[in-house]
Amino acid sequence: MAQEREQGRELIRGLHNLRPRHIGCVATIGSFDGVHRGHQAIIAQLNQRAREQGVPSVAIIFEPQPHEFFSGEKAPARLMRFKEKVLALFEAGVDRVLCLQFNEKLRGLSAEAFIRQILVDGLGIRHLVVGDDFRFGCDRSGDYRLLQQTGAGAGFTVEDTATVEIRGARVSSTRIREALQDGDFELAEALLGKPYRITGRVAPGRSLGRQLGAPTANVRLHRYRSPLVGVYTVRTTATNGTELAAGRREIDGVANVGFRPTVEGEGAQPLLEVNLFDFSGDLYGRELAVEFCHKLRDEEKFASLDILKEWIARDIRNAKEWFAQHPRR
């Protein structure tokens, strides 16, 4: 769908879907990967200015993210998928999300054309919240000063974003990725403002986990490249808050994120496999939120399925021991 609504919020896909009713807003621009504590501070600032002016707040994002367009497979892994990002922006209080396709046409826009076509003619912004190091337009020629100068004549003002520091350093998506790769889920949670999760819908698999003594709920990650690869202890809930089993909204388990090198060949698609402890039931089609707690080991290619089965049993034992020592507070 060109436009989607989520609990009164609105996702606008593309400049061509802007309508006259979208004119007049306070906006911000960014990748917002993770919608972390720094992003949340920007959005709070954005929403405050929008309330003061009596207009909607708008977050402008890009798909793919600009660094992905330029770097391709060398770009850092995303902290969240597109749907997760949009929902997180709504949860943070943004009224509208405008998603622009980042392609050669958008890349070729001059800074002046970007301001005119998107900010002025498209959205009719009254106020813009961006960092003073924000760069945009062809060859990144546009900057904060140009926005201020152009805004003075076009009828909008520009404001620098708030900076958030936690544990002596600025909050950033890069810092969160590093924390996740180091297995420091406590720091990642502090920077995100919530535990790190991957959400997705359970899809039918090959039932290989059942054959190996550990049936799994499989979430296909498709083109999403997770910042995590390996075997982890996890806590799993349904995204809509319903029970996964009678009297159980949250179930502990163990998960593998990666490419299953023991059973898959080259070109395998990434997959999240979750074994829920003491659970039997059909989860196909349900959307799960998988919270990562602790890394047990790296993903490995084993010489046989029998060896893999032994390691899976060991992973389950180790995970249960970890949960016994780390009950939910």
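Placed above this text is the structure.
As a starting point, this report considers the structure included with it. The residue numbers shown here count from 1 along each chain, following its written sequence. This being a predicted model, a pLDDT of at least 70 is required before a residue's local features are given, and a value of 80 or more before pairs of side-chain atoms are given or counted; all residues contribute to the totals for chains, interfaces and linings. Hydrogens and water molecules were not included; the side-chain quantities draw on all heavy atoms of the structure.

A few points about the state of the cysteines
The term disulfide is used for any two cysteine sulfur atoms that are within 2.5 Å. Applying the stated criterion across every chain yields a total of 0 disulfides. The thiol sulfur of Cys25 is not disulfide-bonded, and the nearest other cysteine sulfur, from Cys99, lies at 16 Å. Note on exposure labels: buried denotes an accessible area under 20% of the residue type's maximum, exposed denotes more than 50%, and partly exposed covers the range between, all computed with a 1.4 Å probe on protein chains only. Overall, the relative accessible area of 0% leaves Cys25 in the buried class.

What to know about helix H10 (residues 305–325)
In this description a helix means any DSSP run of H or I spanning at least four residues, a strand means any run of E spanning at least two, and both kinds are numbered starting from the N terminus. The length a helix should cover is 1.5 Å for every residue beyond the first. In a regular helix each residue adds 1.5 Å, so 21 residues correspond to 30 Å; H10 covers 30 Å between its end C-alpha atoms and thus fits that length. Among the residues of H10, those classed as buried are Leu308, Ile312, Asp315, Ile316, Ala319, Trp322 and Phe323. For H10, the buried positions fall inside an angular range of 130° around the axis, keeping them on one side. Seen from the buried face of H10, the exposed residues on the opposite side, beyond 90 degrees, are Asp306, Glu310, Ala324 and Gln325. Taking the helix axis as origin, the arc is that swept by the directions to the C-beta atoms.

Focus on helix H1 (residues 37–53)
Since one α-helical turn is 3.6 residues long, residues separated by three or four positions face the same way. The terminal C-alpha atoms of H1 lie 25 Å apart, and with 17 residues this matches the ideal 24 Å at 1.5 Å per residue to within 8%. For H1, the full list of buried residues reads Gly38, His39, Ile42, Ile43, Gln45, Leu46, Asn47 and Ala50. In this description, contact between two residues means that some pair of their heavy atoms is separated by no more than 4.5 Å. Looking at the buried side of H1, the elements it contacts are strand E3 (25–29), strand E4 (57–63), helix H3 (82–91), strand E6 (125–129), strand E7 (157–159) and helix H7 (173–181). One or two residues past the end of H1 sits Gly54, with phi positive at roughly 70°.

Points about the pairing of strand E13 (residues 250–258)
Among the 9 residues of E13, 7 are classified as buried, and the element is accordingly described as predominantly covered. DSSP bridges decide pairing: two strands pair if at least two such bridges lie between them. Where strand E12 (residues 230–238) lies against E13, 8 bridges are found, and the strand directions are antiparallel. Across the sheet, residue Gly230 finds its bridge partner in E13, namely Val257.

Regarding the sheet that holds E12
Ordered in space as E10-E11-E14-E13-E12-E15, the 6 strands form a closed barrel in which the pairing is antiparallel. With strand direction ignored, the average angle separating the axes of adjacent strands in the sheet is 45°. Note on geometry: axes are C-alpha line fits, over the in-contact stretch for helices, and angles between N-to-C directions span 0 to 180 degrees. Here H10 sits on the sheet and contacts E12, E13, strand E14 (271–276) and strand E15 (287–297); the angle it forms with E15, its principal contact strand, is near 95°.

Description of the nonpolar core
Counting 34 residues, the largest nonpolar core has Leu180, Tyr196, Leu272 and Phe292 as the members making the most contacts within it. Looking at this core, the elements that each hand over two or more residues are H7, helix H8 (185–192), strand E10 (197–203), strand E11 (217–220), E12, E13, E14 and E15. Excluding residues within four positions of it along the chain, Phe292 makes contact with Phe185, Tyr196, Ile198, Leu228, Tyr232, Thr233, Val234, Val257 and Leu272. Buried Ala, Val, Leu, Ile, Met, Phe, Trp, Tyr and Cys residues that are joined via side-chain atoms within 4.5 Å together make up what is termed a nonpolar core. In this structure, Ile12, Ala111, Phe114 and Ile115 belong to the second largest nonpolar core, which totals 31 residues.

Here we look at unusual backbone geometry
Looking along the chain, the bond that leaves Glu63 and enters Pro64 is cis, with omega of -5°. Within the element layout of this structure, Pro64 appears in the loop between E4 and helix H2 (66–71). The phi dihedral of Arg167 is positive, around 55°, even though this residue is not glycine. Mapped onto the fold, Arg167 is located in the loop between strand E8 (165–166) and strand E9 (169–170).

Looking at the packing of helix H5 (residues 111–122) against helix H6 (residues 144–154)
Running from N to C, H5 and H6 cross one another at 50°; their axes reach a closest spacing of 11 Å. Our classification of the angle between H5 and H6 gives oblique. Two packed elements cross with a definite hand, and for H5 against H6 that hand is right-handed. Where H5 approaches H6, its residues Ala111, Glu112, Ile115, Leu119 and Val120 are matched on the opposing element by Leu146, Leu147, Thr150 and Ala154. Looking at the contact of H5 with H6 residue by residue, the class counts come to 7 nonpolar, 1 polar and 1 charged. Oblique is the label for every angle not falling under 35 degrees (roughly parallel), over 145 degrees (roughly antiparallel), or within 65 to 115 degrees (roughly perpendicular). Left-handed describes a crossing whose near helix is turned anticlockwise from the far helix by less than a right angle; the clockwise case is right-handed. Ten residue types, Ala, Val, Leu, Ile, Met, Phe, Trp, Tyr, Cys and Pro, are classed as nonpolar, four, Asp, Glu, Lys and Arg, as charged, and the remainder, Gly among them, as polar.

Digging into the pattern of salt bridges
Any Lys or Arg side-chain nitrogen located within 4 Å of an Asp or Glu carboxyl oxygen qualifies as a salt bridge. By the definition in use, this model includes 21 salt bridges. The salt bridge partner of Lys83 is Glu287, with a shortest N-O separation of 3.3 Å. Of this pair, Lys83 sits in helix H3 while Glu287 sits in strand E15, and the two are 204 residues apart along the sequence. Connected through salt bridges with shared partners, the residues Arg197, Arg235, Glu250, Asp252, Glu291 and Arg328 form a single ionic network.

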